[in-house]
Amino acid sequence: MGAVVLAGGLSVLMGTVVLAASSSAPLPPPDPTAKNLTPYMIQLRAFDACLHTQSQLLQTTREAVHTPCSCYAKGTVNAMSKDEIQAFRDTGYFNDTAREKGLEFLDKCKLKRPL
């Protein structure tokens, strides 16, 4: 039961990460659970957030956006520098330079940019 709650919480939290990729709105407070994440774990969070956000934006199923979201998450995290990875660990969301990379991969992977 706790894993389901945690997974659901991460999904909502990471929806904020993806939305923050295109917004100048104030960012949420730092996420203490991000402190020790590996790049792969960051990639999984970005993937889950993408599935959630893109399925809503495109009014489709998560399955329909699985491949483009995988492209987005892998591409974005693999393009991040060590400093950007550390910034994610410190805050739980992409910093400005990682956000730009995320937007580039939304376009490359044929996903919709959040408003």
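To be clear, the structure that these remarks concern was listed above.
This one's a predicted model, so the numbers in the text were calculated from it and none came from an experiment.

Rules behind the numbers
Residues numbered from 1 in each chain as written. Predicted model: local features only at pLDDT ≥ 70, side-chain atom pairs only at ≥ 80, totals over all residues. Heavy atoms only, no water. Salt bridge = Lys/Arg side-chain N within 4 Å of Asp/Glu carboxyl O. Helix = DSSP H or I, 4+ residues; strand = E, 2+ residues; numbered from the N terminus. Buried < 20%, exposed > 50% of the residue type's maximum accessible area, 1.4 Å probe, protein only. Axes fitted to C-alpha atoms, helices over the stretch in contact; angles between N-to-C directions. Parallel < 35°, antiparallel > 145°, perpendicular 65-115°, else oblique. Left-handed = near helix turned anticlockwise from the far one by under 90°. Contact = heavy atoms within 4.5 Å. Expected span 1.5 Å × (residues − 1). Arc of directions from axis to C-beta.

### What to know about the pattern of salt bridges
Taken as a whole and judged by the stated rule, the model has 5 salt bridges. Residue R62 is joined to D48 by a salt bridge in which the shortest nitrogen-to-oxygen separation is 3.6 Å. Of this pair, R62 sits in the loop between α2 (39–57) and α3 (66–79) while D48 sits in helix α2; the two residues are 14 residues apart in sequence, bridging distant segments of the chain. A relative accessible area of 34% places R62 in the partly exposed class.

### Quick notes on the packing of α2 against helix α4 (residues 82–91)
The description of two helices packed together rests on the angle between their axes and the distance between the axes. At a minimum axis separation of 11 Å, α2 and α4 run at an interaxial angle of 65°. In terms of orientation, α2 lies roughly perpendicular with respect to α4. Classified by chirality, the crossing of α4 by α2 is left-handed. Within the contact between the two elements, α2 uses P39, I42 and R45 and α4 uses I85, F88 and R89.

### With respect to α2
Relative to the 27 Å expected for 19 residues at 1.5 Å per residue, α2 spans 26 Å between its end C-alpha atoms, a close match to the ideal helical length. Once α2 finishes, Q59 follows within two positions and takes phi at roughly 50°, a positive value.

### Section: the side chain of S55
Tracing the chain through its elements places S55 in helix α2. The residues touching S55, leaving out its near neighbours within four places in the chain, are C50, T60, T61, R62 and V65.

### A short note on α4
Restricting attention to buried positions, one finds in α4 the residues E84, I85, A87, F88 and T91. End-on view of α4: buried residues confined to an arc of 160°, all on one side of the axis. The exposed set on the far side of α4, more than 90 degrees from its buried face, consists of K82 and D83. Positioned one or two residues after α4, G92 has a phi angle of 95°, which is positive.

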